[in-house]
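# Coordinate inspection notes
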Amino acid sequence: MVGTLYVVATPIGNLGDLSPRAAEALRTADVIAAEDTRRVQILLDHLGAGGRRDVRSTFDGNEAARAEELAAELTAGKQVALVSDAGTPGVSDPGARVVRAAIAAGAPVVVIPGPVAAIAALVASGLATDRFLFLGFPPRDAGPRAELAGGLVDERATMLFYEAPDRVGATLATLAAAWGDDRAACVSRELTKRYEEHVRGTLGELRDRFADAAPRGECVIVVAGASEVARPALDVEAEVRALLATGLGPKDVAQRLVVKTGRPRRELYQLALALAREPAP
Ligand code: SAM
């Protein structure tokens, strides 16, 4: 009989959030696939289920090969529990490849739901929960981050980002530049922990607050979607022409318009180059 893959959510800071089903799956699994074997050992010890366990490290760098190995264990009838460092495997964490390999091997996949930092932050923000878009970690480099934000300027859903504390200020600055200072937003930090905090305000207020003072601990950024009022469609070509007319070169024009238009920098550059080469009327 083929074994079952249990995808087990674990606490994001508060051990009290480990569910009885999660505890049972960890106690009884033949094999535990864990992003960090030391962290899962703490959980197992907490459950009194440490002992001699078959724990296999499964992280981004080895997940592809490990997924095949775990699929073979499932085919051999073993019960496999998959955990990540914290929260739900597969959510900005390894896990998706293991799930796909299990499905391909014909093994049942059972999810044991539990903490997800993004959902906790969404609900605490007070922003609309009927439609939301989880975007994981934004790009570290300012250019791609601005492109991402520019492309989402008309997005109506509430948007959620994971971010490292020392980059929260820069990311808020990018979002405020792209979406305006007035959007409602919330930075949630240390969810489920002793110093849990939700800082609510406009994007401009939060940008200013975190500009020189990185929040302490892990953070989620939640931002309201675009309002219902439709914005007139932007005439990209006219925008490019107007900037070229001020004497800017194609490179600078592209740089200036990335956020405003949401178009890739290269595409804007090619357009600016083509328009700059047009013979004068
Ligand atoms: N799998 C996890 C989940 O289900 O939420 C996410 C893992 S991801 C590698 C780690 C990021 O999640 C952190 O950088 C932070 O943005 C967010 N996060 C995790 N725990 C958190 C917490 N207790 N409070 C606030 N954000 C948290």
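Reading the values: rules and limits
Residues numbered from 1 in each chain as written. Predicted model: local features only at pLDDT ≥ 70, side-chain atom pairs only at ≥ 80, totals over all residues. Heavy atoms only, no water. Helix = DSSP H or I, 4+ residues; strand = E, 2+ residues; numbered from the N terminus. Buried < 20%, exposed > 50% of the residue type's maximum accessible area, 1.4 Å probe, protein only. Contact = heavy atoms within 4.5 Å. Areas by Shrake-Rupley, 256 points an atom, 1.4 Å probe, with all protein chains shown as cover. Near = heavy atom within 4 Å. Polar contact = N/O pair within 3.5 Å; in protein donor to acceptor, adjacent residues only side chain to side chain. Nonpolar A, V, L, I, M, F, W, Y, C, P; charged D, E, K, R; others polar. Domains from an automatic or database assignment. Buried area = accessible area lost by both parts, 1.4 Å probe. Salt bridge = Lys/Arg side-chain N within 4 Å of Asp/Glu carboxyl O. Pairing = 2+ DSSP bridges. Axes fitted to C-alpha atoms, helices over the stretch in contact; angles between N-to-C directions.

## Things to note about the overall build of the protein
Scanning the protein from N- to C-terminus turns up 11 helices and 10 strands. In terms of principal-axis extent, the alpha carbons of the protein reach across some 80 × 40 × 30 Å. Expressed as a percentage of its 281 residues, the buried residues of the protein come to 44%. Long-range contacts, defined here as pairs at least 24 residues apart, represent 72% of the contacts in the protein between residues at least 6 apart. Split by element, the accessible area of the protein, about 14400 Å² in all, is 52% carbon and sulfur.

## Thoughts on the site of the ligand
Around the ligand, a shell composed of 19 residues is seen, among which Thr88, Val91, Asp93, Tyr162 and Cys219 lie nearest. Measuring from an oxygen atom of the ligand, one finds a side-chain N or O atom of Tyr162 at 2.6 Å. Protein chains bury 90% of the 570 Å² of accessible surface belonging to the ligand in isolation. In terms of residue class, the shell around the ligand is built from 11 nonpolar, 3 polar and 5 charged. Here the shell around the ligand spans two domains, since at least three of its residues come from each of domain 1 (5-115) and domain 2 (118-223).

## Focus: the domain arrangement of the protein
The assigned domain composition of the protein is domain 1 (5-115), domain 2 (118-223) and domain 3 (236-276). Each of domain 1 and domain 2 has a C-alpha centre, and these two points are 29 Å apart. Taken together, the contact between domain 1 and domain 2 spans 6 residues of the former and 7 residues of the latter. Counting the surface lost from both domain 1 and domain 2, the interface buries some 490 Å², and carbon and sulfur atoms represent 59% of this. If you look at where domain 1 meets domain 2, you find 0 salt bridges. Remark: the boundary between domain 1 and domain 2 carries 1 residue pair in polar contact (both at pLDDT 80 or more).

## Points about the sheet that holds strand E10 (residues 219-223)
Pairing in this open sheet of 5 strands is mixed, and the strands run E6-E7-E10-E8-E9 from one edge to the other. Two strands close off the open sheet at either side, each with one partner strand: strand E6 (132-134) and strand E9 (197-202). Mean inter-strand twist for the sheet, computed between neighbouring axes without regard to direction, equals 20°. Pairing of E6 with strand E7 (residues 158-163) involves 3 bridges; the strand directions are parallel.

## Side note on the pattern of salt bridges
Taken as a whole, this structure holds 18 salt bridges when the rule is applied. In this structure, the salt-bridge partner of Asp54 is Arg56, at a minimum N-O distance of 2.7 Å. Relative accessible area serves as the criterion here: at 29%, Asp54 is assigned to the partly exposed category. Between Asp208 and Arg207 there is a salt bridge whose closest N-O contact spans 3.0 Å. On the basis of relative accessibility, which here comes to 51%, the residue Asp208 falls in the exposed class. Residue classification places Arg207 among the partly exposed positions, given a relative accessible area of 22%.

## A word on the side chain of Asp36
With respect to the helices and strands, the residue Asp36 is situated in the loop between strand E2 (31-34) and helix H2 (37-46). Note on Asp36: relative accessible area 19%, which makes it buried. Of the polar contacts made by the side chain of Asp36, one reaches the backbone nitrogen of Arg38; its length is 2.9 Å.

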